[in-house]
Amino acid sequence: MDEALNSVLQQSVFVDRMLIVTGATGWFGRTALHELQRLLGPEAFQRRVRAFASRSRTIASTGFVDGVERAIPVAPLAELPELAAREPIDALLHTAFLTREYVERVGVQAYISVNRGITDLVCRSLEAAPAARAVVISSGAAAALDDVATLEEHLHADPYGVLKSEEERRLGETADTLVLRAYAVSGRFMRDPEQYALGDFLLRALDGLPIEIKAPMPVIRGYGHAGDMVNLAFRWLGSKHLPPAYPIAAVSHEVSLLELASLISSLYDLPPPSSAIDTSLSPNHYSADPKPYINILEKFSIVPHSLQGQILDTFSGLKKSKG
């Protein structure tokens, strides 16, 4: 158990009140619940944590230190404003959002409507709980819109980035909100791993296959560990620090995919990765300066996972999910 973080939580302003986690069945939501189970124990977790997702269900616990699996209830997000109106809420970690791939699955208009509906529910809940602080897990996709005056003009060209940017602004206007922008993410609760370079590489490692990089240009990604992000969220929520005036890019390690593939190949005794990268081509770059994120982690006494540690944790989750 992380005694420093547990002490922060026990002494925080929400010690006997509720900590809300939205998007509880997603990658960040599962990570958040796992860390809270590990830190709080069954009794305090049951008393203090409320999990919300798109619909009512139960999920199995993963982090209680006694190793006993317990059913964790998850309520529909639509019920959150009513809860906020009748019971004191001091902290909310917001991770619910339809990701970019849903644009094609549901259509642009439905995608916009659903995500704006999610943001609306969260903002209404925060309005009903004026003492609440919030952390939102946003996306690096919003960074391209930082200097855009009228987001609506870009909505159909980039619905995901626009809606993320819109949500950041709305939550910031409603409550003290720490915005963490995820770029490339690692961690044991990765969903749809085949959609991500790290997940694809590790699936091949699980099967003992060589890694293939198909991109013709250099690809650079900024990685952050989901557990580091949610633990930062908890420490900030339990503090009295004002949020930074700008979103924090949650990048602890910047790496090319060739370097990442080579490290994974070395860790799991695979042949060297194959690629046909033309270094004369402009790189595909999705990352940000790690310094502001490293600085805020240090401020809250969090040591970020090393790149190797991120790989190992993600691999362990994928191995478990494959049975």
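Scroll up for the structure.
A brief structural summary. (Residues numbered from 1 in each chain as written. Predicted model: local features only at pLDDT ≥ 70, side-chain atom pairs only at ≥ 80, totals over all residues. Heavy atoms only, no water.)

Below, the discussion takes up the overall build of the protein chain. A tally of helices and strands in the protein chain yields 11 helices and 14 strands. Taking the principal axes of its C-alpha atoms as reference, the protein chain extends roughly 60 × 50 × 35 Å. Per-residue burial over the protein chain gives 53% buried out of 323 residues. Counting every atom, the protein chain has about 14,700 Å² of accessible surface; 51% of that belongs to carbon and sulfur. Here the protein chain holds 31 positive side-chain charges and 38 negative ones, and the gap between their average locations is 5 Å. (Helix = DSSP H or I, 4+ residues; strand = E, 2+ residues; numbered from the N terminus. Buried < 20%, exposed > 50% of the residue type's maximum accessible area, 1.4 Å probe, protein only. Areas by Shrake-Rupley, 256 points an atom, 1.4 Å probe, with all protein chains shown as cover. Lys, Arg positive; Asp, Glu negative; His and termini not counted. Charge placed at Lys NZ, Arg CZ, Asp CG, Glu CD.)

The tally for this structure, following the rule as stated, stands at six aromatic pairs. When the centroid spacing of 4.8 Å and the interplanar angle of 50° are considered together, the rings of Tyr-183 and Tyr-286 count as tilted. In this pair, Tyr-183 sits in the loop between β7 (176-182) and β8 (184-186) while Tyr-286 sits in strand β14 (residues 284-286), placing the two residues 103 residues apart along the sequence. For Tyr-183, a relative accessible area of 12% translates into the label buried. Here Tyr-286 falls in the partly exposed class, since its relative accessible area comes to 26%. Connected via pairs of aromatic rings, a cluster forms that spans Trp-27, Phe-28 and Tyr-196. Of note, Arg-105 hangs over the ring of Tyr-102, and the distance from its end group to the ring centre comes to 4.5 Å. Positioned above the aromatic ring of Phe-97 is the side chain of Lys-164, whose terminal nitrogen or guanidinium carbon lies 4.1 Å from the ring centre. (Phe/Tyr/Trp six-rings, centres within 6.5 Å; stacked < 30°, edge-to-face > 60°. Lys NZ or Arg CZ within 6 Å of the ring centre and 35° of its normal.)

All right, on to the pattern of salt bridges then. All told, the structure shown has 13 salt bridges when counted by the stated rule. When the shortest N-O distance is used, the salt bridge between Arg-100 and Asp-158 registers 3.4 Å. Of the two residues, Arg-100 is situated in the loop between β5 (89-94) and α4 (102-106) and Asp-158 in the loop between β6 (133-139) and α6 (159-174); the sequence distance between them amounts to 58 residues. Of the charged contacts in the structure, one is a salt bridge between Arg-116 and Glu-152, with a shortest N-O distance of 3.0 Å. Residue Arg-116 is located in helix α5 (residues 108-127), and its partner Glu-152 is located in the loop between β6 and α6; the two are separated by 36 residues in the primary sequence. Its relative accessible area of 47% is what places Glu-152 among the partly exposed residues. It is possible to trace a salt-bridge network through shared partners that takes in Glu-82, Arg-86 and Glu-87. (Salt bridge = Lys/Arg side-chain N within 4 Å of Asp/Glu carboxyl O.)

The residue Glu-87 is located in the loop between α3 (80-86) and β5 in this model. In this structure, the C-alpha to C-alpha distance between Glu-87 and Val-21, residues 66 residues apart in sequence, is 15 Å.

Counted residue by residue, strand β2 (residues 49-53) has four buried out of five residues, so it is predominantly covered. Direction of pairing for strand β1 (residues 18-22) relative to β2: parallel, over a ladder of four bridges. By the bridge assignment for β2, Val-21 is matched with Ala-51. Each parallel crossover has a hand, and for β1 linked through helix α2 (residues 27-48) to β2 it is right-handed. Here β2 runs beside strand β4 (residues 71-76); their pairing, made up of three bridges, is parallel. Bridge pairing in β4 places Phe-52 opposite Ala-75. (Pairing = 2+ DSSP bridges. Right-handed = clockwise from strand over helix to strand, strands pointing away.)

Moving on, we come to the packing of helix α9 (residues 257-267) against helix α11 (residues 307-321). Contact pair α9 / α11: the axes reach a minimum separation of 11 Å and the direction vectors enclose 65°. Remark: the crossing between α9 and α11 carries right-handed chirality. When α9 is examined against α11, the residues Leu-260, Leu-263, Ile-264 and Leu-267 are found in contact with a partner set consisting of Leu-307, Gln-308 and Ile-311. (Axes fitted to C-alpha atoms, helices over the stretch in contact; angles between N-to-C directions. Left-handed = near helix turned anticlockwise from the far one by under 90°. Contact = heavy atoms within 4.5 Å.)

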